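Fold and geometry: a report
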Amino acid sequence: MSQSPDAIVIGAGIVGATTALALTNAGLKVLVLDRGSIASGTTSAGEGNILVSDKEPGAELDLALRSRDAWFELADDIGGGFELEAKGGVVVSSSGSESLRNLTSKQRDSGIDARDISSSELWELEPHLSRSINVGAYYPQDAQCQPMLATARVLQAVKQRGGDVVTGSEVLAIENRHGVVSSVVTSRGSYSAPVVINAAGTWAGAIARLAGAELPIAPRRGFILVSVPTPHRIFHKVYSSDYVANVASGDADLQSSAVVEGTQSGTILIGASRERVGFKEGIDYSVVRILAHQAIELFPFLANVQLMRVYRGFRPYAPDHLPVIGQDPIIKGLWHNAGHEGAGIGLAPGSAQLLADTILERHSFMNAAPFSPSRFSTVSSS
Amino acid sequence: MEVRYQVIVLGGGPAGLNAAKYAANAGYEVGLIDAGTRLGGQYWRHTGREEFDQSVHHNFDQGSLLMDAVLANPRITVHSETNIWSASIINDEVVLRTNNGAFITQRLILATGAYDRSLPFPGWDIPGVMTPGAAQSLLKGHGVLVGKRIVVAGTGPFLLPVATGLSSHGASVVGLLEASSKYSWAKNLLELLRNPAKALEGIGYLLALRGRKVEMRFRQAIVAAHASADGSLESVTIANLDSEWKIRSTYKLSCDVAAVGWGFTADTAIAYSLGLALDVDASGSISVVVDENQRARQPNAAIAIYAAGELTGIGGADLALVEGAIAGLAIAGSAQDLKTLKKRRKKLLRFAQALTKVYPVASGWKSWLSEDTTICRCEEISYSDINEAREEFDASDARTIKLLTRCGMGLCQGRICGRTIADLMNSTPQERISSASRPILSPITLGEVAQEGLL
Amino acid sequence: MINFTFEGEPISVEPGTSVAAALLSHGERITRLTRFNSTPRSIFCGIGVCFDCLVEVDGEPNQRSCITTVKEGMVVKVQHGS
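Read on for a plain summary of the structure. Please read all numbers here as calculations on a predicted model, not as lab measurements.

**Section: the sheet that holds strand S5 (residues 84-90) of chain B**
Residues and elements named next belong to chain B.
- Strands sit in the order S1-S7-S6-S5 across an open sheet of 4 strands; the sheet is mixed. Two strands lie at the open edges of the sheet, namely strand S1 (2-4) and S5, each paired on one side alone. Looking at each pair of strands side by side, their axes are set apart by 20° on average, direction ignored.
- As paired elements, strand S6 (residues 93-98) and strand S7 (residues 101-105) share 5 bridges and run antiparallel to each other. If you follow valine 95 over to S7, its bridge partner there is isoleucine 104.

What follows is the structure, encoded as structure tokens:
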């Protein structure tokens, strides 16, 4: 491809891939760059969550709702092939029914299909759920995909439609002329484009700095446990309502609540821990123990199921938990689409559409202001 | 349960046994952790029936003496049937979690050995196709013959004792195939003659086999296996190979077992978990980097971790014994002079390096694969699945292939197919080392993981 | 001697025998059928590394027959899938 595409996307994760596809579908010639291989960062370290159930009403929930539908439209557009499944979510409460019922009521007001269910309905949806858990809600819109395959399929479509993907190319510098982005220098050559999109996820802060901008995105570490393949006994994404509070928490200390689900390959995935410890390598087995304990509280049969693997991810965390979608306040032509924390898979196609609409000055499904990168500079100057 | 030892040794084979013995004799309380039911590792695997054990081993007396010495030593506590599922460093201590509780130390000797290296070929997942190590372990550990008509194939000196053992215990070894050239010995003769005892051992096996009408055929390999109606092995296709191991011509042989191995792979997963420096040689084999005292490199100065035996480079039992002795003495800070041991190690190392030159694995094995050949046995991923991921998605590295196809993500955690994938994808040394990461070293129930009181 | 059953058939072996050794010495080779293609598998590495010789022992799947020692009264079955 020429050295001068219409747009350069930095980051071949799910956010970068869907952004590239949205712009490609709008007729732009897009170049995707990644220092590693495709989906080699946070995208491959998650469970493939496409959730509406875990969000409090607000801008992020509006984005999540649109994005959830956008996933199914995207599957139609590129022909699927990434295990997209509306498996539904079941949220349970161990601390009485009041807080969960309040949440579902607010979520219904925001347009979510959130159903309060009886204990017998709960046990019918999940027959192996602990009988000491009797309060639950059902979210038929919750879905899941295989994020690695999804990224690969989306980038394949980008290439088939005229775009290009260059992996193994680390961005070394992002140059600007009088505050307008001019070129991207990589370990495999230089490119220039009027639009440069920072979709580097957890590493988006470092990319912003290369351009002379600021983006307060920090890693939030999480572990996921993978069981040996077992017969299907968990049918939805099942999690404790504590998870909703944990997602919204800004605390740096460890938070964990079990999020349990079966996969098409037969393994059971157990998340989700969150802690802000920087890019700390290795596995913290005390966190593994807590997750195992919490999972068994939900599904007692798991005590006899073997653990096979643990993996770790660094989620891109912004101080107010909202993704950053929009033009940089200092460097013109530099756009950000990052900071989706643990919801990046679910929010990706919606975020991509919102950013593409903003770049192309089209009317979009929602106002992008809550996600504006300038919100951080406003706070610091006030 | 939490147990602390002054020294912990992992592995009850030649290296681990000697390491434990020497460290204990130097005054330390030693915990010896082993996955097996009896000590001895793969090399001295035995039934406990004296007469039989003597009959299947080349030098069982040496092993028997060493095992007895370890078991009788009051400073050594043996923990058999103990599987480590995680290894980590917490507050300047090594913490090993096992099915029998946690073990903690500041001085660790890794002697976890190696397992057969396998290469995929059409039909290698048919019941009856196995590694030479499997045939050997059933014979040595249980006195069980794995079949009646057996073909032993692959490359390396290990094929000889396996064929000899099977043959002398009543199996008909209908083929003994060495993929390397018969002249590769001659090319490295000088180095090999530095260890005349080993050369004589090899000649002894050849003579014994000749007495049973088993001739080793060179430059031949099993390139396909075929099943009968009930799904078991019925015959194999054997190829004459060129120097690159590409197929020149083939013939068929009926058999009920094919024991096929291509040297060994060290299990470096614990070493990786503990952050030890690892190295990759030209054959793609990963090993732990050690200094002249067998000490491994890792960043925590409060902890001493040593490694001995196959983990530091495939070299056989004699070398493992010497390395174990050096590691045991060195970790104990013993005043004993190591000069003689180190001299012996040097000689054995040169022999081991010469052997790897005699038995290189040539790249032509990749041409034996067909589209439907299984690559990942656990997840049933075929060669065509991998090729599709390569072509459709331009996936060019092993990690991406793994995440797209699930190849290497099954129960064995890539121990069998990981090296194959690395070879097929031309992985860099760094990529090969990263692929040694296995945060859960062996499956453990979530109930055991969740137990309160664990660190 | 230790007595156990495989697929309902009684088998007697010496103490200390592994399930794999017991099955092979009684002519039983197939330990499991794979979970996607239902193809038969048997002992492969023999030393607990490859997880191919899995059997169901007393109702628990994923037991490596090569490193599981036979115990009195054990009920061993071919593992179907996972």
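After presenting the structure, the write-up continues.
**Notes on the packing of helix H4 (residues 132-142) of chain B against helix H5 (residues 159-168) of chain B**
Residue and element names in this part refer to chain B.
- One way to put it is that H4 packs onto H5 with a least axis distance of 10 Å and a crossing angle of 45°. Our classification of the angle between H4 and H5 gives oblique. As H4 packs across H5, the resulting crossing turns out to be left-handed. For the pair H4 and H5, contact is made by Pro132, Ala135, Gln136 and Leu139 and by Leu159, Val162, Gly165 and Leu166, respectively.
- Among the residues making up the contact of H4 with H5, the classes are represented as 6 nonpolar, 2 polar and no charged.

**Re the interface of chain C and chain B**
- In this assembly, 28 residues from chain C lie in contact with 28 residues from chain B.
- If you list the elements that add at least two residues to the side of chain C that touches chain B, you get helix H1 (19-25) and strand S4 (40-41) of chain C.
- The element contributing the most residues to the side of chain C that touches chain B is H1 of chain C, with 4 residues.
- Across the side of chain C that touches chain B, the residue classes tally to 13 nonpolar, 12 polar and 3 charged.

**A closer look at the sheet that holds strand S2 (residues 30-33) of chain A**
Residue and element names in this part refer to chain A.
- Overall, mixed pairing links the 6 strands, which are arranged S8-S2-S1-S12-S19-S18 in an open sheet. The open sheet is flanked by strand S8 (164-166) and strand S18 (324-327), the only strands paired with a single partner. Pairs of neighbouring strands in the sheet enclose a mean axial angle of 20°, with direction left out of account.
- As judged from the 3 bridges shared by strand S12 (residues 195-198) and strand S19 (residues 334-338), these two strands associate in the parallel manner.

Parameters and conventions
Residues numbered from 1 in each chain as written. Chains lettered and ligands numbered in written order. Predicted model: local features only at pLDDT ≥ 70, side-chain atom pairs only at ≥ 80, totals over all residues. Pairing = 2+ DSSP bridges. Helix = DSSP H or I, 4+ residues; strand = E, 2+ residues; numbered from the N terminus. Axes fitted to C-alpha atoms, helices over the stretch in contact; angles between N-to-C directions. Parallel < 35°, antiparallel > 145°, perpendicular 65-115°, else oblique. Left-handed = near helix turned anticlockwise from the far one by under 90°. Contact = placed C-beta atoms within 7 Å. Nonpolar A, V, L, I, M, F, W, Y, C, P; charged D, E, K, R; others polar.

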